[in-house]
Amino acid sequence: MKLVGKLFRDDAGFIISAELVLVMTIGVLAMVVGLTAVRDAVTHELNDISHAIGAVSQTYTVNGMQKANKCGVHASINGFGFNDDADDCDCKVVELIDVCGKDDPSTGRDE
């Protein structure tokens, strides 16, 4: 019983525990704010990627061919293709923005 009474009256670690709880609470709140900023940044980047994928045109065309010989056409194959029409879920087309005062190396000419 003496040991239990001694432990009950001992408050040497109380201040350190209270400080630790306060520091840990502040740390958790700061971590929540930081993770919210990370969540927003990742969401914006994934949105940019979805717009880029939605703006890709999947239209293609393959031309036909013929092989001629002395008597006429020896062999031939028809061409084919696909025209990608806009769907409801397609994103808006990526727009190129001209920034004044900057040269655009993709045009192949100096401005």
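Being a predicted model, the structure only gives us computed values, none of them experimental.

Quick notes on the rules
Residues numbered from 1 in each chain as written. Predicted model: local features only at pLDDT ≥ 70, side-chain atom pairs only at ≥ 80, totals over all residues. Heavy atoms only, no water. Helix = DSSP H or I, 4+ residues; strand = E, 2+ residues; numbered from the N terminus. Buried < 20%, exposed > 50% of the residue type's maximum accessible area, 1.4 Å probe, protein only. Phe/Tyr/Trp six-rings, centres within 6.5 Å; stacked < 30°, edge-to-face > 60°. Contact = heavy atoms within 4.5 Å. Pairing = 2+ DSSP bridges.

**Topic: the overall build of the protein chain**
If you tally the helices and strands in the protein chain, you get two helices and four strands. In sequence order, the protein chain lays out its α and β elements as α-α-β-β-β-β. In the protein chain, which comprises 111 residues, the share counted as buried stands at 2%.

**A short note on the packing of aromatic side chains**
Overall, the coordinates contain two aromatic pairs when judged by the stated rule. Among the aromatic residues, those joined into a cluster by ring pairs are Tyr-60, Phe-80 and Phe-82.

**Focus: the environment of Lys-67**
Within the secondary structure, Lys-67 sits in strand β2 (residues 65-69). C-alpha of Lys-67 to C-alpha of Ile-77: the two residues are 10 residues apart in sequence and 9.2 Å apart in space. The residues contacting Lys-67, other than those within four sequence positions of it, are Gly-72, Val-73, His-74 and Ala-75.

**Details of the pairing of β2**
Side-chain direction in a regular strand flips from residue to residue, so the side chains alternate between the two faces of the sheet. Of all five residues in β2, zero are buried, a share of ten percent or less. Connecting β2 to the antiparallel partner strand β3 (residues 72-77) that follows it, the hairpin turn spans two residues.

**Considering the pairing of β3**
Burial runs low along β3: only zero of the six residues are buried. In this sheet, β3 lies alongside β2 in antiparallel orientation, the contact comprising five bridges. Looking at β3, one finds that Ala-68 is bridged to Val-73.

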